[in-house]
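What follows is the residue order along each chain.
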Amino acid sequence: MLYQANHRSYRKKANYKPLVFFLILLGLAGIAFFFRQDIKNLFAGDRRLLLEKERKLLQEGIVKGEPKEGEIKEFKSTAKDFVVSNPKEGISYHYAALSGYYEFLLLGFRFDSVTLSKIAYTGFQEFLEQDSSYLPLVEDSYRQALRAQAIDPEFLESTDNRYLIAFGESIRQKLSRSALNKLLISIEPEKLSPELKSGYAWTCLVGSALSGNTEFLKKILSQQDISGSLLLSARESDFLIALSEFRAGQYVSSLNYLRRVKNINEDFLTGSSKILEARIFYYQNLSPKAIVLLEEYYPNSGDRKEEVLQLAREILSKNQTLKTKLPVED
């Protein structure tokens, strides 16, 4: 066969580019498979640095009592992704626990002296009955902190993580008061992150007032670097000590503090002191005196009238010869 000069063949040449590209991809996939943990750790490290950066941003707002929704929501989203990508790391669940705690504060809860006095007097049950939206967040934060501790022994010694567990136990009210108190005492406040310090002081004061550990309560009150941010007045401090002494069965000491709390203003502290004083007299087998105190307070008791009547009914049920002017039958 003859060919013309400078003739070009138009037969299609084999194209090996797709095959080469496929082999490269296959090789990269193999490398990624064998080094998947290293790659995962690389991105996990980036996320952890991002979480710490976001945490530092939101700490200032929380310390000032002004948590910022955007910062907390961003932290929660990043923490959620971190748990998904690192389900076997304790630090993942610790960040998740922190995000739940921050969101709890976002609902409007404040570690202030007014809330402190009321919950130390009534316990958490009444508070949770008034607004149950807090409990799921506390429960989630508590569970995540427990997971962090279970997965990584390092978090048995983590001050922040142990505080999150103690705070959860305080709200949930499943742990005995003495056991809760031991947990709170074991936490070193100077090692806490700044946004957790006021919550720790608040929780310690509530826990000790409820459990009757006056020694620990007085210790926290005396340490201004711990309790100072709560801005407790002298009356509020005396009220907490009176509650602690009452629950410890030290009625004479409790009465002495209650009389320092009462003043001419019929506020929560004065009213609570009068009701508690009546209860102490009842426990001391001085029921007539207790009823007289309740009768004197009732006209000025405002929205606490039912609380006064409830105590009066309790006293009268044990002392059926007693008479009262209070409308206990209504």
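Residues numbered from 1 in each chain as written. Predicted model: local features only at pLDDT ≥ 70, side-chain atom pairs only at ≥ 80, totals over all residues. Heavy atoms only, no water.

### Structural notes on the confidence of the model for the protein
And then number 1: In this model, the protein carries an average pLDDT of 87, and 86% of its residues clear a pLDDT of 70 or more.
And then number 2: Contacts for the low-pLDDT stretch residues 1-12, under 50 throughout, to residues beyond four places or in other chains number zero contacts.
And then number 3: Counting interchain partners and residues more than four positions distant, the pLDDT-below-50 stretch residues 35-44 has six contacts. (pLDDT = per-residue confidence, 0-100. Contact = heavy atoms within 4.5 Å.)

### Overview of the packing of aromatic side chains
And then number 1: Under the defined criterion, the tally for this structure stands at 27 aromatic pairs.
And then number 2: Between the aromatic rings of phenylalanine 246 and tyrosine 251, the centroid separation amounts to 5.9 Å while the plane-to-plane angle is 40 degrees, which identifies the pairing as tilted.
And then number 3: Here phenylalanine 246 falls in the buried class, since its relative accessible area comes to 13%.
And then number 4: On the basis of relative accessible area, tyrosine 251 is assigned to the partly exposed category, the value being 22%.
And then number 5: Directly above the aromatic system of phenylalanine 268 lies the positively charged group of lysine 118, at a separation of 5.8 Å from the ring centroid. (Phe/Tyr/Trp six-rings, centres within 6.5 Å; stacked < 30°, edge-to-face > 60°. Buried < 20%, exposed > 50% of the residue type's maximum accessible area, 1.4 Å probe, protein only. Lys NZ or Arg CZ within 6 Å of the ring centre and 35° of its normal.)

### Description of the environment of leucine 326
And then number 1: Mapped onto the elements of the fold, leucine 326 is located in the segment after helix H17 (305-318).
And then number 2: Here leucine 326 falls in the buried class, since its relative accessible area comes to 7%.
And then number 3: A C-alpha to C-alpha distance of 9.7 Å links leucine 326 and proline 299, two positions 27 residues apart in sequence.
And then number 4: Beyond its immediate stretch of four places on either side in the chain, leucine 326 contacts Leu294, Glu295, Tyr298, Leu309 and Ala312. (Helix = DSSP H or I, 4+ residues; strand = E, 2+ residues; numbered from the N terminus.)

### Thoughts on the packing of helix H10 (residues 197-211) against helix H11 (residues 214-222)
And then number 1: Relative to each other, H10 and H11 sit at 150 degrees, their axes nearing to 8 Å. With respect to H11, the element H10 is oriented roughly antiparallel. Our pair here, H10 against H11, has a crossing hand that is left-handed. Residues Tyr200, Ala201, Cys204, Leu205, Ser208 and Ala209 of H10 form the contact with H11, whose own contacting residues are Phe216, Leu217, Ile220 and Leu221.
And then number 2: Residues of the contact of H10 with H11, tallied by class, amount to nine nonpolar, one polar and no charged. (Axes fitted to C-alpha atoms, helices over the stretch in contact; angles between N-to-C directions. Parallel < 35°, antiparallel > 145°, perpendicular 65-115°, else oblique. Left-handed = near helix turned anticlockwise from the far one by under 90°. Nonpolar A, V, L, I, M, F, W, Y, C, P; charged D, E, K, R; others polar.)

### What to know about the pattern of salt bridges
And then number 1: Scanning all chains against the criterion turns up 17 salt bridges.
And then number 2: One salt bridge connects arginine 55 with glutamate 195, and the closest N-O pair in it is separated by 2.8 Å. Of this pair, arginine 55 sits in helix H2 (residues 36-63) while glutamate 195 sits in the loop between helix H9 (177-185) and H10; the two residues are 140 residues apart in sequence, bridging distant segments of the chain. For the pair formed by arginine 55 and glutamate 195, the shared burial category is buried.
And then number 3: A salt bridge links glutamate 306 to arginine 313; its shortest N-O distance comes to 3.0 Å.
And then number 4: Take glutamate 306: its relative accessible area is 46%, and that puts it in the partly exposed class.
And then number 5: The class for arginine 313 is partly exposed, based on a relative accessible area of 29%.
And then number 6: Through salt bridges with shared partners, a single ionic network connects Glu139, Arg143, Glu169 and Arg172. (Salt bridge = Lys/Arg side-chain N within 4 Å of Asp/Glu carboxyl O.)

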